[in-house]
Amino acid sequence: MARWCYRHRLVVLLLWVGALFGLGLSASTAGTDYANVFSLPDTDSKSAYDQMAKAFPTTSGDTDTVVWKVDSGSVKDPSVQSRIQPALDKIAGMKGVGGVTGPYSGARGAGQISSDGTIAYAQITFADQANAVPKDLVQKVVDTAQNAERKGLQVELGGQAVQRVEEPPGGIAEGVGILAAAVVLFLAFGSFYAALLPIGVAVFGVGTGLFSTQLLSHTTDIPDLAPLLATLIGLGVGIDYALFIVTRHRRGLQRGLDPEESAVIALNTSGRAVLFAGGTVCIALAGMLVTNLRFLDGVVIGTSLTVVLSVLAATTLLPALLGLLGMRVLSRKQRRKLAANGVEPERTDNLAVRWSAAVQKRPRRIAAFALVVMAVLAFPVLSLRLGATDQGNDDSSTTTRQAYDLLADGFGPGFNGPLQVVTSSGDTATLVKDIQGTEDVARVAALPPAHGVTVIQVVPKTSPQSQQTDDLIDTLRDKVIPGAGATGHVGGVTAISKDFATVTGDRLPLFVATIIGLSFLLLLLAFRSLVVPLTAALMNLVAAAASFGVLVAIFQWGWGLDMLGLGKEGPINAFLPVIMLSLLFGLSMDYQVFLVSRMHEEWVHTKDNARAVRVGLAETSRVINSAALIMVCVFLAFVLSGNSGAATAGVGLAAAVALDAFILRTALVPAAMHLLGASNWWLPGWLDKALPHLAVEPAEEPVQAAPEGPASAVHGFVRTAEGEPLEGAAVTLLSAGGRQLDRVETLADGSYIVSVPGPGTYLLATTAASYSSIARHVAVTDGPLIHDVELAEGGVDAVN
């Protein structure tokens, strides 16, 4: 497939461009129809909602609030009314506004003025729900209301529609994330074209994914958070997947391969790992379905579709772009050096090699240090409290936050989250009296009954996010309503949020067990080992605990919130653990696959665990760390999105990826694998026969694929620096693409001979216990080649 895409690059590019613009045109024509459906079957708040919907059917749209406060005097003063009432009348006459209920008229007007007379509010009912209200209409409402301000008179607005116009323009977060990724890629590659490749591939994958999700929103319920999360994960994995393939391709070019062969080999090695990694991400995302929360179904659809298209772009569009660029994937300096000096051995004294050797020498010390760091970061998770954020968590500079605070000051903290007790039988008067006498209840009002259903508005003394409010809901449900002999349910936004958090918490263990089980099975099939997937599962749990510890410290305890400009501390959104764990497990599997697949490849060839772990870490740690740094930049950029859910997920995922890549995969995993030794690759024989084969690495190259020509050989002696022969040293002949062609051990006199299928350039790797290892390119012509090797004692492994 890679070869076909490379050779038909213009056709492939035109197909992708056509798909992107075609889907974009269709999506812009159809518009969006995102729907936040919080369906919680078998919960008390859902029963309350169902009864209210039958008794009080309504077609009214979103209701927002205008709040004003005077520094002196009263809001009833003529000077205040003469400024506020004309503004309310003007808003009521706007097209798209259903009505305005103010404090200066009507039977309920007096209830919209605080007891001290300094704060009042009016309710604006739009003709549509918040997502459907045009932003220019909302902006006109905001401007009209705030134009009534004067010295000593403050006017603020709250509500979902107003919150939408407070958000920064769309695309800022994505643009900043892409720019940061471009800088990291340019520093890593030193080539403008090579840096653009992963970004271009990610843009195509995310673009087609978002447009497809937008079209699907017309056929199924997809929440408005889904495209944000899809962009978040799509940019991260799209850039990373292309980065892994481009890195392998550049390595092939520097080894002297033809650009087409190098691209094919890159796709047949790293491309396979990308397919497997993308599959693990989608499976982890699909794990959200076991929670049976309808709100998350649309998130699974949007994010999984974007990941699938990102993988497709990396495995089809990328080889076509590699064909268009040719040798320009290398920097000018690298191309000049290659033309002048030919193929040179790769550097073997880099930081990654030295770190890999250090991990092998001190695995216990490094593992202990990494565990202590992760345990300290995970400690705050013990106080994790799930709930729902509201406009009280917005930044203090926003009008929605100021309106929220004014209402809390004037009418009590519970005014922003009233409860609704819905009853259809029993003595309503007794129930109202009992509720009024309940601790932490500020006010109670029973609305006129309809169709045999009575709604009792209950305003708590505490804020919607307070633990006392949660306790009050339990008290009403378990004691007050049954004690009054009534049949009733407690509903309202605050009760729904509490039930959502409870249901999510109850189903979280099943969800975690599901994705861990699926990940374990996939890694078991891929690496034919019981210990490797078990280690990966434990590491993922450690990473999850540490990342949630960071979230609790920042968003629940408030550490650094002001510096980040993310508003006020509060509980962690109930849906966030499920979404974050899905993405975290998927991304963790990516790094595990890329790291362990190289170790497994070396283990298959040498059966030397220490060498396999050392070489695998040395060769993959740099690209994994670069990929992680890109993801961290992309995720942190979503702090600028203006969406609290996306900002929280961005910070949490950035912390998770950083901890996973820089501590777990770089230190703890290889240290643990060194300590476990050959048992890393243990699998019972009967299980090996029963399991189907799912190879991450490509099949061994057949001899026919080697360069044409008569068979030949490379032979010589392996000696120490003192000239002593080395018996039992391993000598391996590899193709230019890294495939093993022959492997022998030296005789007593240090001699060896390996078979060569034909003329060409090969890699000859020599290694021996307690000695450094050497890899050198050898050029074989028509006859046998003599090549002697000298190994130094106690050096680092230089085979790449």
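Everything numeric here is computed off the predicted structure, so don't read it as measured data.

Visitor: Would you take a moment to explain the overall build of the protein for this structure?
Guide: Helix and strand counts for the protein come out as 24 helices and 18 strands. Relative to its 800 residues, the protein shows a buried fraction of 55%. A separation of at least 24 residues holds for 77% of the contacts in the protein among residues at least 6 apart in sequence. Looking at the protein as shown, the accessible area adds up to about 33,400 Å², and 59% of this sits on carbon and sulfur atoms.

Visitor: It is not clear to me how the packing of helix 9 (residues 225–254) against helix 11 (residues 294–325) should be interpreted in this structure. Could you clarify?
Guide: Pairs of packed helices are described in terms of their axes, by the angle between the two and the distance that separates them. Closest axis-to-axis distance for the helix 9/helix 11 pair is 8 Å, and the angle between their directions is 25°. Considering the angle they form, helix 9 stands roughly parallel to helix 11. In the crossing of helix 9 with helix 11, the sense of the turn from one axis to the other is right-handed.

Visitor: Hey, could you run me through the side chain of Lys-498 in this one?
Guide: Relative to the helices and strands, Lys-498 resides in helix 18 (residues 493–527). Setting aside its immediate chain neighbours within four residues, Lys-498 contacts Asp-470, Ile-473 and Asp-474.

Visitor: Quick question: what am I supposed to make of helix 9 here?
Guide: Here helix 9 is 30 residues long and its end C-alpha atoms lie 44 Å apart, about the 44 Å a rise of 1.5 Å per residue gives. Across the 30 residues that make up helix 9, a large majority, 28, are buried. Looking one or two residues beyond helix 9, the residue adopting positive phi is Gly-256, at roughly 95°.

Visitor: Would you mind showing me how to read the nonpolar core here?
Guide: General note: in soluble globular proteins, nonpolar side chains tend to be found buried as a group. One finds Met-288, Ile-579 and Phe-635 to be the most contacted residues of the largest nonpolar core, which totals 152 residues. Of all the elements, helix 23 (residues 644–676) adds the most residues to this core, at 18 residues. Not counting chain neighbours up to four residues away, the residues in contact with Ile-579 comprise Leu-225, Leu-229, Met-288, Leu-296 and Val-299. Counting 30 residues, the second-largest nonpolar core is a separate cluster that includes Ile-84, Tyr-104, Phe-126 and Val-138.

Visitor: Would you take a moment to explain the pairing of strand 16 (residues 774–780) for this structure?
Guide: Within a regular strand, the side chains alternate between the two sheet faces. Pairing of strand 15 (residues 760–767) with strand 16, which is carried by 7 bridges, proceeds in the antiparallel orientation. Residue pairing across strands places Leu-763 opposite His-777, the latter belonging to strand 16. Here strand 15 folds back onto strand 16, and the loop between the two strands holds 6 residues, one of which, Ser-770, carries a positive phi near 70°.

Visitor: When you look at the sheet that holds strand 16 in this model, what are you seeing that I'm missing?
Guide: Adjacent strands of a sheet pair through backbone hydrogen bonds, lying either parallel or antiparallel. Read from one edge to the other, the open sheet built from 4 strands follows the order 13-12-15-16, with strand pairing classed as antiparallel. This sheet does not close on itself; its edge strands, each paired only once, are strand 13 (740–745) and strand 16. If you compare each strand with its neighbour and ignore which way they point, the axes differ by 20° on average.

Visitor: Help me understand helix 23, please; the structure alone is not making it clear to me.
Guide: Structurally, the α-helix is built with 3.6 residues per turn, so residues lying three or four positions apart point the same way. Along helix 23, the sharpest change in direction is near 50° and occurs at Leu-664. The buried fraction of helix 23 is high, at 28 of 33 residues.

Visitor: Any chance you could explain the confidence of the model for the protein here in plain terms?
Guide: The predicted structure's coordinates, where accompanied by low pLDDT, should not be read in detail. Here the protein averages 84 in pLDDT, while 93% of its residues score no lower than 70. Every residue in residues 700–709 scores below 50 in pLDDT, and together they form 15 contacts with partners more than four places removed in sequence or on other chains. In the predicted structure, residues 795–800 sits below a pLDDT of 50 and forms 28 contacts with residues beyond four places in sequence or in another chain.

Visitor: Quick question: what am I supposed to make of a negative patch on the surface here?
Guide: On the surface, Glu-722, Glu-724, Glu-790 and Glu-793 cluster together to form a negatively charged patch. If you trace the backbone, Glu-722 turns up in the loop between strand 11 (712–720) and strand 12 (730–734). For Glu-722, a relative accessible area of 65% corresponds to the exposed category.

Visitor: Sorry, what's going on with the packing of helix 9 against helix 21 (residues 576–606) here?
Guide: Running from amino to carboxyl end, helix 9 crosses helix 21 at an angle of 5°, the nearest separation of the two axes being 12 Å. With respect to each other, helix 9 and helix 21 are oriented roughly parallel. Two secondary-structure elements touch here, helix 9 through Leu-225, Leu-229, Ile-233, Val-237, Asp-240, Tyr-241 and Phe-244 and helix 21 through Ile-579, Leu-583, Leu-587, Asp-590, Tyr-591 and Phe-594. Taken together, the residues that form the contact of helix 9 with helix 21 break down as 11 nonpolar, no polar and 2 charged.

What counts and what doesn't
Going along each chain's sequence as written, the residues are numbered from 1 onward. Totals for whole chains, interfaces and linings use every residue, but because this is a predicted model, local features are given only for residues with pLDDT of at least 70 and side-chain atom pairs only at 80 or more, for both listing and counting. The basis for every side-chain value is the complete set of heavy atoms in the structure, and neither hydrogens nor water enter the calculation. A run of H or I in DSSP counts as a helix once it spans at least four residues, and a run of E counts as a strand once it spans at least two, with each numbered from the N terminus. Whether a residue is buried, partly exposed or exposed follows from its accessible area with a 1.4 Å probe, protein chains only, as a fraction of its type maximum: under 20%, in between, or over 50%, in that order. Only heavy atoms matter for contacts: two residues are in contact if any of them lie within 4.5 Å across the pair. Residue-level accessible areas treat just the shown protein chains as cover; the underlying method is Shrake-Rupley with a 1.4 Å probe. Axes here refer to lines fitted to C-alpha atoms; in helices the fit is confined to the stretch in contact. Angles between the N-to-C directions go from 0 to 180 degrees. Orientation is classified from the angle alone, with under 35 degrees giving roughly parallel, over 145 giving roughly antiparallel, 65 to 115 giving roughly perpendicular, and any other angle giving oblique. Left-handed is the label given to a crossing in which the near helix is rotated counterclockwise from the far helix by less than a right angle, and right-handed is the label when the rotation is clockwise. Helices are assigned an expected span. That span is 1.5 Å times one less than the residue count. In this text, buried Ala, Val, Leu, Ile, Met, Phe, Trp, Tyr and Cys residues form a nonpolar core when linked through side-chain atoms within 4.5 Å. Criterion used throughout: strands pair if DSSP finds at least two bridges between them. By definition, a residue's bend is the angle between the axes fitted to the seven residues ending there and the seven starting there. As a per-residue quantity, pLDDT reports the predictor's confidence and falls between 0 and 100. To count toward a patch, a residue needs a relative accessible area above 30% and no salt bridge. Like charges then connect within 9 Å, nonpolar side chains (Val, Leu, Ile, Met, Phe, Trp, Tyr) within 5 Å. Salt bridge criterion: a side-chain nitrogen from Lys or Arg within 4 Å of a carboxyl oxygen from Asp or Glu. His is not counted, nor are the chain ends; Lys and Arg add positive charge and Asp and Glu add negative charge. In plain terms, the charge of a residue is placed at NZ if it is Lys, CZ if Arg, CG if Asp and CD if Glu. When residues are sorted by character, Ala, Val, Leu, Ile, Met, Phe, Trp, Tyr, Cys and Pro go into the nonpolar class, Asp, Glu, Lys and Arg into the charged class, and all the rest, Gly among them, into the polar class.

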